[in-house]
Amino acid sequence: LQVRDFLGPDELLDLLLLQLADPGRNAPRILNVGGGVECSLSLKQLSSYCELRFGPKVVESKPETRAFDIPFYVTDTAQAMAAWGWQPKRQAPNLLDEIADWAEANRPIIEAGF
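Computed from a prediction, not measured in an experiment: that's the story for all the values here. (Residues numbered from 1 in each chain as written. Predicted model: local features only at pLDDT ≥ 70, side-chain atom pairs only at ≥ 80, totals over all residues. Heavy atoms only, no water.)

A. Geometry of the packing of helix 2 (residues 43-54) against helix 4 (residues 92-105). Running from amino to carboxyl end, helix 2 crosses helix 4 at an angle of 40°, the nearest separation of the two axes being 12 Å. When the axes of helix 2 and helix 4 are compared, the pair comes out oblique. In terms of crossing hand, the pair formed by helix 2 and helix 4 is right-handed. Taking contact as the criterion, the partners of Leu 46, Tyr 49, Arg 53 and Phe 54 in helix 2 are, on helix 4, Leu 96, Asp 97, Ala 100, Asp 101 and Glu 104. When the residues that make up the contact of helix 2 with helix 4 are grouped by side-chain class, the tally is 5 nonpolar, no polar and 4 charged. (Axes fitted to C-alpha atoms, helices over the stretch in contact; angles between N-to-C directions. Helix = DSSP H or I, 4+ residues; strand = E, 2+ residues; numbered from the N terminus. Parallel < 35°, antiparallel > 145°, perpendicular 65-115°, else oblique. Left-handed = near helix turned anticlockwise from the far one by under 90°. Contact = heavy atoms within 4.5 Å. Nonpolar A, V, L, I, M, F, W, Y, C, P; charged D, E, K, R; others polar.)

B. Looking closely at the side chain of Arg 90. Checked against the element boundaries, Arg 90 lands in the loop between helix 3 (78-84) and helix 4. Arg 90 sits in the buried class, given a relative accessible area of 16%. Each residue touching Arg 90, except ones within four places of it in the same chain, is listed here: Gly 8, Asp 10, Glu 11, Cys 39, Leu 95 and Glu 98. (Buried < 20%, exposed > 50% of the residue type's maximum accessible area, 1.4 Å probe, protein only.)

In structure tokens:
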């Protein structure tokens, strides 16, 4: 089982703007930020979403475990929340819908390889 969290770039921008607006704040200078539990999915859930949204596709699976495969990677946003009052706003299905909508609207750009 592989689980990952998602974070929209605009949500990261929100945090950066808070930090730029108050550079002297007594807060950690380095934070790990991500979507947290509310914006996380297993790769199986992501594949199911893609199949429902785009139709079935053959996805090759390799059963061996690789050294860099982390089974569960979900960012703890508690430190960013405590220091900056920041937390991600969207859950995974909403963010995936936004990405899929953009991909469908910009299919020529994607197919051209840009």
